[in-house]
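Below are the chains, spelled out letter by letter.
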Amino acid sequence: MNPTLHTWATIAAVVLTATAGDILIAGGMRKLGDLDDIRAKSGLLGAIKAVLSSGMFLLGITCMSLSFFSLLFALSGADLSLIAPATASLTFITTAAAAKFFLKENVDGRRWIAALFVCAGVALLAK
C-alpha cells in the first residue's frame, strides 16, 4: 500500500505533537528542579502538587495525548509497518533538533549522522 497524503499528514501530526510534548515536559521539569529536593521539603503530595501545577508540564501532557490520538487516527488508515517506524524515527529527529534549539542541549555530530540514517530508512519504507 503506497502512503497517501493523508498518511503523511497523520504521521506529521503524531511527530509534531509528540515532539512538542517531550520538549514541554522536559522544559517544565527543568523549571521545577529536582523532585527529590521538592519531596524532601514538601513530601510526596507536595512534589505531586508542584508537577501538576506546572502549566508547561500540563501543556506537554496535552500534546502527548494529542499525539496518542493522532497515532490512533494514523493507524486507522495506514499500515502499522509504516506508521510505527516512521513516527518513532521522525520523532527522534525532531526531538533532537528541538532539544538543541529550545532546551539548548548539546546535540553532537554522531546524533545528526544517526538522524540522516533515520531519514534514509524512512525514505526506504515509503517506497
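Going by what an unreviewed UniProt entry lists, the protein is known as Drug/metabolite transporter (DMT)-like permease and is assigned to Tunturiibacter empetritectus.

Draft legend 1. Local environment of the side chain of Thr91. With respect to the helices and strands, the residue Thr91 is situated in helix 4 (residues 80–102). Looking at Thr91, the relative accessible area reads 13%, which means it is buried. At 2.5 Å, the side chain of Thr91 forms a polar contact with the backbone oxygen of Thr87. Ignoring sequence-local partners within four residues, the contact set of Thr91 consists of Val15, Ala18, Thr19 and Asp22.

Draft legend 2. A look at the packing of aromatic side chains. Scanning all chains against the criterion turns up one aromatic pair. With a centroid separation of 5.3 Å and an interplanar angle of 75 degrees, the aromatic rings of Phe68 and Phe69 are classed as edge-to-face. According to the relative accessible area criterion, Phe68 is partly exposed, its value standing at 44%. What makes Phe69 exposed here is its relative accessible area of 54%.

Draft legend 3. Here's a closer look at unusual backbone geometry. Of note in this structure, Lys104 is not a glycine but carries a positive phi near 60 degrees. Among the secondary structure elements, Lys104 is positioned in the loop between helix 4 and helix 5 (109–126). We classify Lys104 as exposed; its relative accessible area is 67%.

Draft legend 4. Representation of the nonpolar core in the model. Among the nonpolar cores identified, the biggest contains eight residues, and these are Ile11, Val15, Ala74, Ala78, Leu82, Ile83, Ala86 and Val122. Those elements that place two or more of their residues in this core are helix 1 (5–32) and helix 4. Broken down by element, this core gets its largest block of residues, three residues, from helix 4. Ignoring anything within four residues of it in the chain, the contact list for Val122 reads Trp8, Ala86, Ser89 and Leu90.

Draft legend 5. Expanded view of the packing of helix 1 against helix 4. Two elements in contact, helix 1 and helix 4, have axes whose closest approach is 8 Å; the angle formed by their N-to-C orientations is 40 degrees. Classified by the interaxial angle, the pair formed by helix 1 and helix 4 is oblique. Note on packing geometry: the crossing formed by helix 1 with helix 4 is right-handed. In contact with Thr7, Trp8, Ile11, Val14, Val15, Ala18, Thr19, Asp22 and Ile23 of helix 1, helix 4 contributes Leu82, Ile83, Ala86, Thr87, Leu90, Thr91, Thr94, Thr95, Ala98, Ala99 and Phe102. Residues belonging to the contact of helix 1 with helix 4 are distributed by class as follows: 13 nonpolar, six polar and one charged.

Cut-offs and rules
- Residues numbered from 1 in each chain as written.
- Predicted model: local features only at pLDDT ≥ 70, side-chain atom pairs only at ≥ 80, totals over all residues.
- Heavy atoms only, no water.
- Helix = DSSP H or I, 4+ residues; strand = E, 2+ residues; numbered from the N terminus.
- Buried < 20%, exposed > 50% of the residue type's maximum accessible area, 1.4 Å probe, protein only.
- Polar contact = N/O pair within 3.5 Å; in protein donor to acceptor, adjacent residues only side chain to side chain.
- Contact = heavy atoms within 4.5 Å.
- Phe/Tyr/Trp six-rings, centres within 6.5 Å; stacked < 30°, edge-to-face > 60°.
- Core = buried A, V, L, I, M, F, W, Y, C linked by side-chain atoms within 4.5 Å.
- Axes fitted to C-alpha atoms, helices over the stretch in contact; angles between N-to-C directions.
- Parallel < 35°, antiparallel > 145°, perpendicular 65-115°, else oblique.
- Left-handed = near helix turned anticlockwise from the far one by under 90°.
- Nonpolar A, V, L, I, M, F, W, Y, C, P; charged D, E, K, R; others polar.

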